[in-house]
Structure formats: C-alpha cells, structure tokens
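Structural characterization, general
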Amino acid sequence: MKLTYLGHSAFEIQTQNGKILIDPFLVNSPNYNYSEVTDIFVTHAHSDHLGNAIEISKATGAKITAIFELANYCARHGAKTNGIGLGAWIDYSWGRVIAVPAFHSSSFDNGAYGGSPCGFIFDIEGKTLYHAGDTALNSEMKVIGEIYQPDIAMLPIGGTYTMDIENAVKASEWLNVSVVIPMHYNTFEAINVDINEFERQIREKGKMPGIMKIGCESNI
Ligand code: ZN
C-alpha cells in the first residue's frame, strides 16, 4: 500500500484493489492524475475538503463516500455517491471504513448545512489508518485509540480552525498511535506553523513524525 500527500488534507492511498482519494482539494497538486481513482472520501462540506471531488467522480465514475447530507449534495451535482452516517463499518473491495465524529462544522459556500463533519478510519491490507478531517482535540480520540487502535494517524495541526500542534500531540497520545502524519497546515496564513516544532514535540513523546512532502509517496 502506498500513501501520497497531495497537500492540505488531501491524500491518495494506492491499494492492491483500488485507488482512494481523501479530501481532494488539489490546489497544491494541480497536475495530479486522478484517472485511476476508484473511491473518494470527503470529511465535510468546506470547500478546502470537498475540493474537486464532484468533478473527479464525474470524470472517473469513482464513488464519493460522505455523510448523508454531503453525499446528497454531491449526487445532486452529478457525482456517484455512497451516503453514510457515523459509526458503522462499510465494506469495499480493498478493505473497510468507518466514519467517526469530528468536532468542527460543515457547510457549503452558500452557508447551507453539510451534515456532521467526520473523520475516517480505514482498515486496509492489515493496517489501520485514521484521517481525522478537521477537528478539535476531543475525548472520542481515546475511544478511537481503544477500539480501533490506528497504526497511523493523519492529524490537522494548523490551529485557528482545528487542533494546533500542542493538541495534536496530545491527540496522538490518546490515539495511542506511533506514526503521526501532519496535515491542514501552511496552506494559507491562518494555519501557518513551524513544522520543526511539531517534529520536536512528537519525537519527545517517542512517536514518529510522518512529515510528507507534497507529491511524494511512501510505502506503508
Ligand atoms: Zn473545515
């Protein structure tokens, strides 16, 4: 399995049986080739997460999995969708996924309600990955650590709209995760951070900072 960071909170996961895109806001990866994408996951309706999801679904036939209200919006705009709620495992050819709570908001550019924001936990090829979406630190993370035991967590660290570095480090403890991939930082001024400070604090907890360069893939 290969993980590629596409900037902001966008990732590609290449599995043996499919290519997954998460929160495909691709301003930092304008030349990304999405032709082989089979599944798209969107954590909430904000435009820096919904990104190009609808366009990619229409071009490829990839299904967008999202919370019911957000999926309905995507379907109305011509995308293939899989509307879900929080809390149940959903099966795919390459593994399974469960949507978990995120403490944030979710609305479209016109202010319309986008359903609950969420994070996703992926069970793929024996590994468990947690993409937190946009969220504050919250005690659900203790539950996620206990029940789902993620190997890798993708956590927002940019502050202002989500957790900052300090709270993301605390989240990594509650999640009991050994590898933390930072996201949702340095895309624009309000979420600028010193990434070396993230690295220092994560290492201090005995964990591995999985800082990824945009466009680079790593085997996981
Ligand atoms: Zn957001």
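Spacing of three or four residues puts side chains on the same side of an α-helix, whose turn is 3.6 residues. Among all positions of helix α5 (residues 165-175), only Ile165, Ala168, Val169, Ala171, Ser172 and Leu175 are buried. Down the axis of α5, the buried side of the element spans an arc of 155°, and every buried residue falls inside it. Tucked inside the fold, the buried residues of α5 contact β10 (127-131), α4 (140-147), β11 (152-156), β12 (179-183) and α6 (195-204).

This next bit is on the nonpolar core. Within soluble globular proteins, side chains that are nonpolar generally end up buried alongside one another. Ranked by size, the top nonpolar core spans 47 residues in total, and within it Phe11, Phe41, Phe122, Tyr130 and Leu155 carry the most contacts. Ranked by size, the runner-up nonpolar core spans 21 residues in total, among them Leu6, Leu21, Ala53 and Ala79.

Pairing within the open sheet is mixed, and its 7 strands lie in the order β7-β8-β9-β10-β11-β12-β13. Looking at which strands have only one partner, the edges of the open sheet turn out to be β7 (90-92) and β13 (208-209). Relative to strand β8 (residues 95-101), β7 runs antiparallel, the two sharing 3 bridges. Looking at the pairing, tyrosine 92 lines up with glycine 95 of β8. Running at roughly 150° to β11, α5 makes contact with β10, β11 and β12 of the sheet.

This part takes up α6. Residues of α6 that are buried: Phe198, Gln201 and Ile202. Viewed along the axis of α6, the buried residues span an arc of 100°, placing them on a single side of the element. With respect to the buried face of α6, the exposed residues turned more than 90 degrees away are Asn196 and Glu204. Looking at the buried positions of α6, the neighbouring elements they touch are α5, β12 and β13. The N-terminus of α6 is capped by aspartate 194, whose side-chain oxygen sits 3.0 Å from the backbone nitrogen of asparagine 196. Taken from the residues just after α6, glycine 206 is the one with a positive phi, measuring 80°.

The rules behind these values
Residues numbered from 1 in each chain as written. Predicted model: local features only at pLDDT ≥ 70, side-chain atom pairs only at ≥ 80, totals over all residues. Heavy atoms only, no water. Buried < 20%, exposed > 50% of the residue type's maximum accessible area, 1.4 Å probe, protein only. Helix = DSSP H or I, 4+ residues; strand = E, 2+ residues; numbered from the N terminus. Arc of directions from axis to C-beta. Contact = heavy atoms within 4.5 Å. Core = buried A, V, L, I, M, F, W, Y, C linked by side-chain atoms within 4.5 Å. Pairing = 2+ DSSP bridges. Axes fitted to C-alpha atoms, helices over the stretch in contact; angles between N-to-C directions. Polar contact = N/O pair within 3.5 Å; in protein donor to acceptor, adjacent residues only side chain to side chain.

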